[in-house]
Amino acid sequence: MPETEVIMEEGWTLSCCGIPEFFWKNKKWEGGRLTDSLCRFLEERKAEDYYLQPEVARMAGIGERLPPEVLLRKMLSQAPCLEYVVYIGWGEGHRDGALGEEAFREEREMLFRLLDPYLTRVNHFTLVTDCPEGYEEFADYIYEEYGIPTAAAKEMCQQSGKRGKTVVLDARKEGGAPCQELPQRAVYVDFWSSGKKRKALEAERGDVRYLSVVKFLDTLVKNGYNTIVNS
């Protein structure tokens, strides 16, 4: 399996491993063969964390997971402007389902860590969820410390942001992209790297810039790390 190793600015090393569709000629991966190969790859490099591209996770029979925060932070740093931030958070289905209350709490804490470096630039924050309870602490903090007001809504609308100055953070695993509700020239950050959302945005909203960890890693490997840093 081809590997690209990158030394990131923070001093950590990123090893990107390409997974071929077939492990030998036209023979597809079977049983735990792919899982064993991936585990061996991680053990040999003494990896602290890992992320599987969604298609690879399905091939290996492993449940999808959010990327490590270090990758989410790196992806978010590619967004050019965070004046108006729209966060599409988890709803009742996430909170009361298999993920549970503990995962819901971790999601709220992750939101704070990801946005904290940018709060001095944010003018307005919109929370889109049918489960706003639990986000009050974050809303109170950004208002008291930075004077940022929070608007809560069950669904997104174009009035949630401003043309060319809006970043939409979609933390939902399921559902579609709100293509028609996005402000013009918005930046759409997809935490789960959904191929369905990406294709819909490419087809319906050519003015919207789509960001995801999978897209970031693909660009990183294709163009080289220095190209991304310098740009």
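Relevant structure appears above.
None of these values were measured; they are calculated from a predicted model. Throughout, a residue's number is its position along its own chain's written sequence, starting from 1. With the structure being a predicted model, the display of local features is reserved for residues of pLDDT at least 70 and the display and counting of side-chain atom pairs for 80 or more, all residues being used for whole-chain, interface and lining totals. As a rule here, side-chain values come from all non-hydrogen atoms in the structure, and water together with hydrogens is ignored.

Enquirer: Any chance you could explain the pairing of strand β7 (residues 150-153) here in plain terms?
Expert: Here is the key point about a regular strand: its side chains alternate between the two faces of the sheet. In this scheme, strands are said to pair when DSSP sees at least two bridges between them. Note on conventions: DSSP H or I runs of at least 4 residues are helices, E runs of at least 2 residues are strands, and numbering of each starts at the N terminus. Where strand β6 (residues 124-128) lies against β7, four bridges are found, and the strand directions are parallel. Residue pairing across strands places V128 opposite A153, the latter belonging to β7. Here, the term right-handed applies to a crossover whose path from the first strand over the helix to the second runs clockwise when the strands point away from the viewer. The parallel pair β6 and β7, bridged by helix α6 (residues 136-146), forms a crossover whose chirality is right-handed.

Enquirer: How should helix α1 (residues 33-45) be read in this particular structure?
Expert: Because an α-helix packs 3.6 residues into every turn, residues spaced three or four apart end up facing the same way. What a helix should span is 1.5 Å times the count of its residues minus one. With 13 residues, α1 ought to run about 18 Å at 1.5 Å a step, and its terminal C-alpha atoms sit 19 Å apart, in line with that. Each residue is placed in one exposure class: buried if its accessible area under a 1.4 Å probe, protein chains only, is under 20% of its type's maximum, exposed if it is over 50%, and partly exposed if it falls in between. Regarding α1, the residues found buried are L34, S37, L38 and F41. Along the axis of α1, the buried residues cluster in a sector spanning 95°; they form a single face. When checking whether two residues touch, look at their non-hydrogen atoms; a contact exists if any pair is within 4.5 Å. Buried residues in α1 make contact with β1 (3-7), β2 (13-17) and α2 (54-60). Positive backbone phi, at 50°, marks K46, one or two positions downstream of α1. Directions are taken from the helix axis to each C-beta atom, and the arc is the one they span.

Enquirer: Before we go on, may I ask you to explain unusual backbone geometry in this structure?
Expert: Negative phi values dominate among residues other than glycine, just as trans dominates among peptide bonds. Backbone geometry places K25, a non-glycine residue, at a positive phi of 50°. Locating K25 in the fold gives a position in the loop between β3 (22-24) and β4 (27-28). The class of K25 is exposed, set by a relative accessible area of 68%.

Enquirer: Explanation requested: the sheet that holds β6 in the structure shown.
Expert: Each strand in a sheet pairs with another by means of backbone hydrogen bonds, the pair being arranged parallel or else antiparallel. Strands sit in the order β7-β6-β5-β8-β9-β10 across an open sheet of six strands; the sheet is parallel. Lying at the two open borders of the sheet, with one neighbouring strand each, are β7 and β10 (209-212). On average, each strand axis in the sheet is inclined to that of its neighbour by 20°, with strand direction left out of account. In the sheet, strand β8 (residues 166-170) pairs with strand β9 (residues 187-190) via four bridges, with the strands oriented parallel. Counterpart to D170 in the pairing with β9 is D190. Sitting on the sheet, helix α3 (residues 69-76) touches β8, β9 and β10, and the angle it makes with β9 is about 170°. Simply put, an axis is a line fit to the C-alpha atoms, just over the touching stretch for a helix, and the angle between two N-to-C directions goes from 0 to 180 degrees. The strands touched by helix α7 (residues 195-204) are β8, β9 and β10; relative to β9, the strand with the most contacts, the crossing angle is about 165°.

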